[in-house]
Amino acid sequence: MEGKEAIIAKILADAEKKAQDILHAAETYAVSVKEQAETWAENYSAEQEKGLKSETAEIVARRKIVAELDVKKVLLKAKQDVIDRIYDNAEKKLCKMDKKTYLSVVLAKIEEFADISDEVVLSMDGVLSEKDISDSEVFRRKKLSVSKTIGKFYGGVMLLGKVSDKNLTFHEIILAEKEKNAPKIAKKLFG
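Here the structure is a predicted model, which means the values were calculated and not measured. (Residues numbered from 1 in each chain as written. Predicted model: local features only at pLDDT ≥ 70, side-chain atom pairs only at ≥ 80, totals over all residues. Heavy atoms only, no water.)

J.: Could you give an account of the overall build of the protein chain, with specific residues and numbers?
T.: Broken down by element type, the protein chain carries five helices and four strands. For the protein chain, the sequential pattern of α-helices and β-strands runs α-α-β-α-α-β-β-β-α. Against the globule reference of 16 Å for 191 residues, the protein chain gives a C-alpha radius of gyration of 47 Å, more extended than a compact globule. Structurally, the protein chain occupies a C-alpha span of about 155 × 35 × 25 Å along its principal axes. Per-residue burial for the protein chain yields a buried fraction of 20% across its 191 residues. Relative to all contacts within the protein chain whose residues are 6 or more apart in sequence, the contacts with residues 24 or more apart total 76%. Carbon and sulfur atoms form 60% of the exposed surface of the protein chain, whose accessible area is close to 14300 Å². (Helix = DSSP H or I, 4+ residues; strand = E, 2+ residues; numbered from the N terminus. Rg over C-alpha atoms; globule rule 2.2 N^0.38 Å. Buried < 20%, exposed > 50% of the residue type's maximum accessible area, 1.4 Å probe, protein only. Contact = heavy atoms within 4.5 Å. Areas by Shrake-Rupley, 256 points an atom, 1.4 Å probe, with all protein chains shown as cover.)

J.: Any details on the nonpolar core? Residues and values, ideally.
T.: Judged by nonpolar contacts, the single largest core of 24 residues is most densely connected at Val106, Ile110, Val120, Leu122, Leu128, Ile133 and Val157. Put simply, the parts of the chain that give this core at least two residues each are helix 1 (2-95), helix 2 (99-113), strand 1 (119-122), helix 4 (137-141), strand 3 (156-160) and helix 5 (170-190). It is helix 2 that provides the largest number of residues to this core, a total of five residues. In contact with valine 106, other than residues within four places in its own chain, are Leu128, Ile133, Gly156, Val157 and Phe170. (Core = buried A, V, L, I, M, F, W, Y, C linked by side-chain atoms within 4.5 Å.)

J.: Before we move on, can you summarise the packing of aromatic side chains with the specific residues and values?
T.: Inspection of every chain in the model, using the stated rule, returns two aromatic pairs. Where tryptophan 40 meets tyrosine 44, the ring centres are 5.0 Å apart and the plane angle is 10 degrees; that geometry is what we call stacked. One end of the pair, tryptophan 40, and the other, tyrosine 44, are both in helix 1, four residues apart, so they sit about a helical turn from each other. Given the relative accessible area of 56%, tryptophan 40 is considered exposed. The interplanar angle of 65 degrees and the centroid separation of 5.0 Å between the aromatic rings of tyrosine 102 and phenylalanine 170 together place this pair among those described as edge-to-face. Placement of tyrosine 102 in helix 2 and of phenylalanine 170 in helix 5 is noted, with a sequence separation of 68 residues between them. On the basis of relative accessibility, which here comes to 1%, the residue tyrosine 102 falls in the buried class. (Phe/Tyr/Trp six-rings, centres within 6.5 Å; stacked < 30°, edge-to-face > 60°.)

J.: How would you summarise the pattern of salt bridges if you had to cite specific residues and measurements?
T.: Counted according to the given criterion, the structure contains 15 salt bridges. Measuring nitrogen to oxygen at the nearest pair gives 4.0 Å for the salt bridge that ties glutamate 58 to arginine 62. One end of the pair, glutamate 58, and the other, arginine 62, are both in helix 1, four residues apart, so they sit about a helical turn from each other. What emerges from the salt-bridge pattern is a single network uniting Glu111, Glu137 and Arg141. (Salt bridge = Lys/Arg side-chain N within 4 Å of Asp/Glu carboxyl O.)

J.: Got a sec to walk through unusual backbone geometry? Specific residues and values, please.
T.: Among all residues save glycine, negative phi is the norm, and among peptide bonds the norm is trans. We note that serine 117 has phi near 70 degrees; this positive angle belongs to a residue other than glycine. Examined against the element boundaries, serine 117 turns out to sit in the loop between helix 2 and strand 1.

J.: Give me the lowdown on helix 2, citing residues and values where you can.
T.: With 15 residues, helix 2 extends 21 Å from end C-alpha to end C-alpha; this agrees with the ideal 21 Å at 1.5 Å per step. Every buried residue of helix 2 is accounted for by Tyr102, Leu103, Val106, Leu107 and Ile110. Looking down the long axis of helix 2, one finds its buried residues gathered within 125 degrees of arc, a one-sided arrangement. Exposed side chains of helix 2 directed beyond 90 degrees from the buried face belong to Lys100 and Glu112. (Expected span 1.5 Å × (residues − 1). Arc of directions from axis to C-beta.)

J.: Explain the environment of isoleucine 110 to me, and be specific about the residues and the numbers.
T.: Mapped onto the elements of the fold, isoleucine 110 is located in helix 2. Among the residues examined, isoleucine 110 registers a relative accessible area of 0% and is labelled buried.

J.: Just give me the short version of the packing of helix 1 against helix 5, but keep the residues and values in it.
T.: When two helices pack together, their arrangement is given by the angle between their axes and by how far apart the axes lie. Their axes nearest at 9 Å, the elements helix 1 and helix 5 cross at an angle of 135 degrees. On the basis of their axis angle, the class for helix 1 and helix 5 is oblique. Seen along the crossing, helix 1 lies across helix 5 with a hand that is right-handed. Of helix 5, the residues touching helix 1 (which contributes Lys79, Val82, Ile83, Asp84, Ile86, Tyr87, Ala90, Glu91, Leu94 and Cys95) are Phe170, His171, Ile174, Glu177, Lys178, Asn181, Ala182, Ile185, Ala186, Leu189 and Phe190. Counted by class, the contact of helix 1 with helix 5 contains 14 nonpolar, two polar and five charged residues. (Axes fitted to C-alpha atoms, helices over the stretch in contact; angles between N-to-C directions. Parallel < 35°, antiparallel > 145°, perpendicular 65-115°, else oblique. Left-handed = near helix turned anticlockwise from the far one by under 90°. Nonpolar A, V, L, I, M, F, W, Y, C, P; charged D, E, K, R; others polar.)

Read these as layout, nothing more, since geometry by itself doesn't imply function.
And the structure:
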């Protein structure tokens, strides 16, 4: 039996050696896999951090651009408000002119734009009367008439004609002036 026991002992010793070799190979493999995983995780983390920094920089750059545009919009709006106030004040000053100046401005506009037989509509501010217009030389020369209906506007007049109507209200005069000269005024005011 001694031979049998020697064979069994040899088999057991070989099996134990083989088990230790397998265990050692598994431990070596596990260490290698762990190192590879840690290296991959570090590389992945570094790449993600670079990506986040780049993305953060892009987000900040975009937000700065949007903020700059918003500032420009606000500034432009403020400039437009200033110009609007200038023209609103100009219209108010036209409406508050003394009657003689007011009449001369209105008659000059009528002279410039009226066609023969146009009808003059007076403003509701009551500064001018039918007589003020009908006593003028342009009224007689262009054979104008004065409407019995008062216009729903302040300052200036309107001309109703057979071919076309003309809005000679101070509001429209100022609006036309604004469209023509606002850029020049803005340049003078704001550089």
